[in-house]
2 protein chains.
Amino acid sequence: MTEYKKVTQEIVDKLINIVGERNVIWNEPDKLENYSHDEITDKKYAQMPDVAVKPKNAQEIAEIMKLANKEQVPVTPRGAGSGLSGGAVPIYGGIVMLFDRMNKILEIDKTNMMAVVEPGVITNELNQLIEPDGLFFAGYPMSVESCYIGGNLAENAGGGRAVKYGVTGRYIMGLEFVTPEGEILNLGGKLMKNVVGFDLLKLLIGSEGTLGIFTKVIIKLLPVPKARVDLLVPFADPETAINAVPRIMTESGIIPTAIEFMDKLSFETSYKFLNEHFSHDDAGAMLLIELDGTDPEVLEKEYEMVGKLCQDNGALEVYIADNHTTIERVWRVRRNVAEAFMVYSPVQSLEDIVVPIGSIPKILKDIKTIAEKHDVLIPTYGHAGDGNLHATVVKKQEMSLEKWEETLPKVLLDLYAKTHEYGGSISGEHGIGHKRKKYMVDSVGAPAVELMKRIKRAFDPNNILNPGKIIDA
Amino acid sequence: MTEYKKVTQEIVDKLINIVGERNVIWNEPDKLENYSHDEITDKKYAQMPDVAVKPKNAQEIAEIMKLANKEQVPVTPRGAGSGLSGGAVPIYGGIVMLFDRMNKILEIDKTNMMAVVEPGVITNELNQLIEPDGLFFAGYPMSVESCYIGGNLAENAGGGRAVKYGVTGRYIMGLEFVTPEGEILNLGGKLMKNVVGFDLLKLLIGSEGTLGIFTKVIIKLLPVPKARVDLLVPFADPETAINAVPRIMTESGIIPTAIEFMDKLSFETSYKFLNEHFSHDDAGAMLLIELDGTDPEVLEKEYEMVGKLCQDNGALEVYIADNHTTIERVWRVRRNVAEAFMVYSPVQSLEDIVVPIGSIPKILKDIKTIAEKHDVLIPTYGHAGDGNLHATVVKKQEMSLEKWEETLPKVLLDLYAKTHEYGGSISGEHGIGHKRKKYMVDSVGAPAVELMKRIKRAFDPNNILNPGKIIDA
């Protein structure tokens, strides 16, 4: 394990020289506490930084990285802090790097249908700006209203529209980034194809801030779909709902934008949190299916076909939301499930498994069995159309905290074992961070972990940038 | 530079022990000559292997790699040999590895819409097999009728449909591969999302057979578009044709499947080669625009809109091909341009630059200036919809071979400098191999090359797998 130095007044003075006094937070524990955790509630994953800095460009970041290498102080980049695996937590203290000042949309290039942005831009702000031009960025994490684009890249964020549009990485065509040793590099460009050597750009995406710090991002935009419709489809039980998912796609030949799934406990909790009421009392599960396209007439044909397939496969009803207000209303329910659960029961572990879509019905049954075996609740919701399920392990009221601490690891071992049995993976979009680090060897095997360690050392020989995440190099 | 051993009878005996006598080619120079080159005609890029082997599975490949590491003999994997940058040429001799026996389509999983194949499967064979199921693999290199899927992955093949569907890598969800040191690893699966550590899968794609040997590939399939139409659109000159390209997409909001470009010399040469005649004598350039979709009526609306935009932007005519025979006929012309040129003039350098689509009109003018300055021909054709242009530097009849050898490097320097000026890249889909290795530092910068060298060493400490390609590690 690398030995790190504590940040001293002398190092802080050097940081002030680089970014200016007002952009260094030091000796202010109340402020620094904000940067000690992400959205995981469990305090055992939190750690205070020694200092926080707000650079304004790649040059300042390069200087900070050179200083950190010289002084052997770790640096942890942090976007909006909306992560769910501890990726932005400075687990060895040191410097937390913030991107609040790097929040400019630098260019909207309509001819090439590309945007150039800094990493601190909020995802939704980009889409709001370009919508009048008939363009959109197809990345769509559930935290779209708060998360930063830099964080989306670091996690290779997925979200609700991956069924049709894929994940964030598909749209990243160019990058400026600072290496852990403090070099400024440019990769790719406003280019649709590019095969000049190893695909460093794709390697950086999803590397959770351990291989480089993004300072400029070139994003491919798409023509914004002119028509959009959502179907809210209640089913009697989760199995029936989930069984319908692969059938909808293979029988219609239509790839929906999104197929979201919520079990009863999930949607009821969210409705309650939002102070709303859903009338279908006999519903045991719900699908939220979104379709989009260039032509409203075609879309009508398509949603009728999809709606009919739902009914043929056991839907209790098909509600259609085809205007901005109703669409926003159904998505609010889905988007707020995680937050509603936090309020309802903060002692929990939000999981992020992904399996082949054909195996979802089977693993749902297994999840039920695992919950009963360990006497916990595991409400499940998520992105059924791409197999990514947020099974959330929740402590029952009557279980003691000691018992919970002892039980949770066993639940996860069972859940992950089943996930691997179906050829699945323990994280679809939240990443490893330090929360899931100990499961890496079981997940991808020792030789793959060894390759990752060597790659980390190739980029970061002194193990300065976000150490202790994903793997221990 | 690594010192390699010559393959001896003793090593050949060990190879025979692994793969069997009939799967080793040794002391047969006529047969081995086939594996000394790819599709580059220039003999200076060719090199004879010592021996060729045909393993049948990952276990045999792992044994070969362990042997090669022990004996310090280089191994060069070779697909169909349809490459265009020398990636499959054994430039240090040693072992060429062939995949003729690993040509099985192992599984078509309709529920998950995935195929599992061995690397020696011909790309088109997969599509022919799955078409009756209403599925297709969207990778579409121009050599689709001969190239192997393993080679597509190694080069991250692009081709004609990348405008809408992206390149090969987008569809690769899982991999079994053998590391240069002889470990068998599995990455990903039948999964649409997966963020468990560094994206080794994406790093391997496009690594030109230098980081690992693919032994099993999991491919995401799409519902096959039920309707397809091609527009063949002659223009008076290349500038007018190319100026229309970004306008077609931004003004219609439609992303065509393909927008291919041919200048006069290119399409005339191909028509002549195919013994056909094209009636539009005043055409100085041509666009071939393909649209596809689920609904024939929508497609009709779309192609009328695109056709009208072409006419508004200077098209001389819009020919519509909407059945299999006519579609195949127009694509044959485009697919045969490269081969027609080989016959017409084998002394040439087929280039593969890519620029932002908005910069294509400008670089076309520059290409004309460069051709005149150096007294060579540079006919240009390619994938205009994604900015990837196969400018082909061709020796004029009257130029001596000595003068050509002296001129070509200067032409390339000028061409690449202009490409970089527009934020472009020297290879969109053919790769670096050893043909373009010396331009790497100018292309991506010394720090990026250094990172690539370290990555190569991380995977292949003895520099055994396809050495001397992309970079000198």
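From a predicted model like this one, the values you see are computed outputs, not experimental measurements.

### Topic: the overall build of chain A
Looking only at helices and strands, chain A features 16 helices and 19 strands. What you see for chain A is a C-alpha radius of gyration of 23 Å, in line with the 23 Å of a compact globule of 473 residues. Seen through its C-alpha atoms, chain A measures out along the principal axes to roughly 70 × 60 × 45 Å. At a minimum sequence separation of 6, the contacts of chain A that also span at least 24 residues come to 73%. On chain A, roughly 17300 Å² of surface is accessible, and the fraction owed to carbon and sulfur atoms is 49%. Computed over 52 positive and 67 negative side-chain charges, the separation of the two mean positions in chain A equals 4 Å.

### Focus: the domain arrangement of chain A
By the assigned domains, chain A splits into domain 1 (9-100), domain 2 (105-223), domain 3 (227-265 + 288-333) and domain 4 (345-433). For domain 1 of chain A versus domain 3 of chain A, the distance between C-alpha centres works out to 43 Å.

### Quick word on the nonpolar core
Core analysis: the biggest nonpolar cluster contains 186 residues, and Ile 219 and Leu 287 of chain A together with Ile 219 and Leu 287 of chain B have the highest contact counts within it. Residues within four places of Ile 219 of chain A in sequence aside, it is in contact with Met 113, Met 114, Ala 115, Val 117, Leu 126, Phe 137, Ile 149, Tyr 171 and Ile 172 of chain A.

### Concerning the interface of chain B and chain A
Across the boundary between the two partners, chain B contributes 83 residues, which contact 83 residues of chain A. Between chain B and chain A, roughly 6200 Å² of surface is buried when both sides are summed, and carbon and sulfur atoms account for 68% of that area. If you sort the residues of chain B by the area they bury against chain A, Lys 193, Val 195 and Phe 198 of chain B come out on top, with a joint share of 16%. One salt bridge in this structure joins Lys 301 of chain A and Asp 295 of chain B, with 2.7 Å as the shortest N-O distance. Between the two partners, chain B and chain A, sit 22 residue pairs in polar contact (both at pLDDT 80 or more). Of all the elements in the fold, those that place two or more residues in the side of chain B that touches chain A are helix H6 (162-165), strand E9 (184-188), helix H7 (200-204), helix H8 (238-252), helix H10 (296-312), helix H15 (440-444) and helix H16 (446-459) of chain B. Residues belonging to the side of chain B that touches chain A are distributed by class as follows: 37 nonpolar, 27 polar and 19 charged.

### Observations concerning empty space enclosed by the protein
According to the stated counting rule, one finds 4 cavities of 30 Å³ or more in the structure shown. Its volume calculated, the largest cavity comes out at about 50 Å³. Forming the boundary of the largest cavity are Asn 156, Ile 205 and Gly 206 of chain A together with Asn 194, Val 195, Gly 197, Phe 198 and Asp 199 of chain B.

### Side note on the pattern of salt bridges
Side chains that carry opposite charge are capable of pairing whenever their charged atoms lie near each other. Counted under the stated rule, the structure contains 74 salt bridges over all chains. Note that Lys 193 of chain B is salt-bridged to Asp 386 of chain A, the shortest N-O span being 3.1 Å. Within this pair, whereas Lys 193 of chain B is found in the loop between E9 and H7, its partner Asp 386 of chain A is found in the loop between strand E18 (380-383) and strand E19 (388-394), the two belonging to separate chains. Here the two residues Lys 193 of chain B and Asp 386 of chain A agree in accessibility, since each one is buried. We note a salt bridge from Asp 312 of chain B to Lys 308 of chain B, for which the minimum N-O separation is 3.0 Å. Highlighted residues: Asp 312 of chain B and Lys 308 of chain B, both in helix H10, separated by 4 residues, approximately one helical turn. Exposure remark for Asp 312 of chain B: the relative accessible area of 51% places this residue in the exposed category. One network of salt bridges, in which partners are shared, links Lys 5, Glu 10, Lys 14 and Glu 71 of chain A.

### A few points about the sheet that holds strand E2 (residues 51-53) of chain B
Within a sheet, adjacent strands bond to each other through the backbone by hydrogen bonds, running parallel or antiparallel. All names here are of chain B. Spatially, 4 strands are ordered E1-E2-E4-E3 in an open sheet, and the strand pairing comes out mixed. Only two strands of the sheet have a single neighbouring strand rather than two, namely strand E1 (24-26) and strand E3 (75-78). Pairwise comparison of adjacent strand axes, ignoring direction, gives a mean angle of 20° for this sheet. Relative to E2, E1 runs antiparallel, the two being bridged by 3 bridges. Counted as the bridge partner of Val 24 is Val 53 from E2. Across the sheet, helix H1 (residues 9-19) is in contact with E1, E2 and strand E4 (95-98); its angle to E1 comes to roughly 160°. Of the strands in this sheet, E2, E3 and E4 touch helix H3 (residues 58-71), which is tilted by about 170° from E4.

### Looking at helix H14 (residues 401-421) of chain B
Residue and element names in this part refer to chain B. Counted at 1.5 Å a residue, the expected span for H14 with its 21 residues is 30 Å, and the 30 Å between its end C-alpha atoms agrees. Bending of H14 peaks at approximately 30° at the position of Thr 407, with proline Pro 409 no more than four residues after it. If you check which residues of H14 are buried, you get Trp 404, Thr 407, Leu 408, Val 411, Leu 412, Leu 415, Tyr 416 and Thr 419. Packed against the buried residues of H14 are strand E16 (348-350), strand E17 (353-354), helix H13 (360-374) and strand E19 (388-394). Gly 423 sits one or two residues past H14 and shows a positive phi near 75°.

### Brief notes about the sheet that holds strand E4 (residues 95-98) of chain A
Residue and element names in this part refer to chain A. If you trace the 4 strands from one edge of the open sheet to the other, you get E1-E2-E4-E3, paired in mixed fashion. Each having just a single partner strand, strand E1 (24-26) and strand E3 (75-78) make up the two edges of the open sheet. Ignoring strand direction, the axes of neighbouring strands in this sheet form an average angle of 20°. Relative to E4, strand E2 (residues 51-53) runs parallel, the two sharing 3 bridges. If you follow Val 53 over to E4, its bridge partner there is Met 97. Along the sheet, helix H1 (residues 9-19) makes contact with E1, E2 and E4, crossing E1 at roughly 160°. Contacting E2, E3 and E4, helix H3 (residues 58-71) crosses the sheet at an angle of about 170° to E4.

### Digging into the environment of Leu 408 of chain A
Residue and element names in this part refer to chain A. Mapped onto the elements, Leu 408 comes out in helix H14 (residues 401-421). Residue Leu 408 is classed as buried on the basis of its relative accessible area of 12%. Residues Leu 408 and Val 393 lie 15 residues apart in sequence; the distance between their C-alpha atoms is 7.7 Å. Ignoring anything within four residues of it in the chain, the contact list for Leu 408 reads Ser 349 and Val 393.

### Some thoughts on a negative patch on the surface
Taken together, Glu 297, Glu 300, Glu 304 and Asp 322 of chain A together with Glu 297, Glu 300, Glu 304 and Asp 322 of chain B make up a surface patch of like negative charges. Elements that contribute at least two residues to the negative patch include exactly helix H10 (296-312) of chain A together with H10 of chain B. Relative to the helices and strands, Asp 322 of chain B is located in the loop between strand E15 (319-321) and helix H11 (324-335).

Cut-offs applied
- Residues numbered from 1 in each chain as written.
- Chains lettered and ligands numbered in written order.
- Predicted model: local features only at pLDDT ≥ 70, side-chain atom pairs only at ≥ 80, totals over all residues.
- Heavy atoms only, no water.
- Helix = DSSP H or I, 4+ residues; strand = E, 2+ residues; numbered from the N terminus.
- Rg over C-alpha atoms; globule rule 2.2 N^0.38 Å.
- Contact = heavy atoms within 4.5 Å.
- Areas by Shrake-Rupley, 256 points an atom, 1.4 Å probe, with all protein chains shown as cover.
- Lys, Arg positive; Asp, Glu negative; His and termini not counted.
- Charge placed at Lys NZ, Arg CZ, Asp CG, Glu CD.
- Domains from an automatic or database assignment.
- Core = buried A, V, L, I, M, F, W, Y, C linked by side-chain atoms within 4.5 Å.
- Buried < 20%, exposed > 50% of the residue type's maximum accessible area, 1.4 Å probe, protein only.
- Buried area = accessible area lost by both parts, 1.4 Å probe.
- Salt bridge = Lys/Arg side-chain N within 4 Å of Asp/Glu carboxyl O.
- Polar contact = N/O pair within 3.5 Å; in protein donor to acceptor, adjacent residues only side chain to side chain.
- Nonpolar A, V, L, I, M, F, W, Y, C, P; charged D, E, K, R; others polar.
- 1 Å grid on protein atoms, 1.4 Å probe; cavity = no way out; pocket = protein on both sides within 12 Å on 5 of 7 lines; lining within 4 Å.
- Points joined across faces, edges and corners; volume = space filled by probe spheres on them.
- Pairing = 2+ DSSP bridges.
- Axes fitted to C-alpha atoms, helices over the stretch in contact; angles between N-to-C directions.
- Expected span 1.5 Å × (residues − 1).
- Bend = angle between axes of the 7 residues up to and from the residue.
- Patch = residues over 30% accessible without salt bridge, like charges linked within 9 Å, V, L, I, M, F, W, Y side chains within 5 Å.

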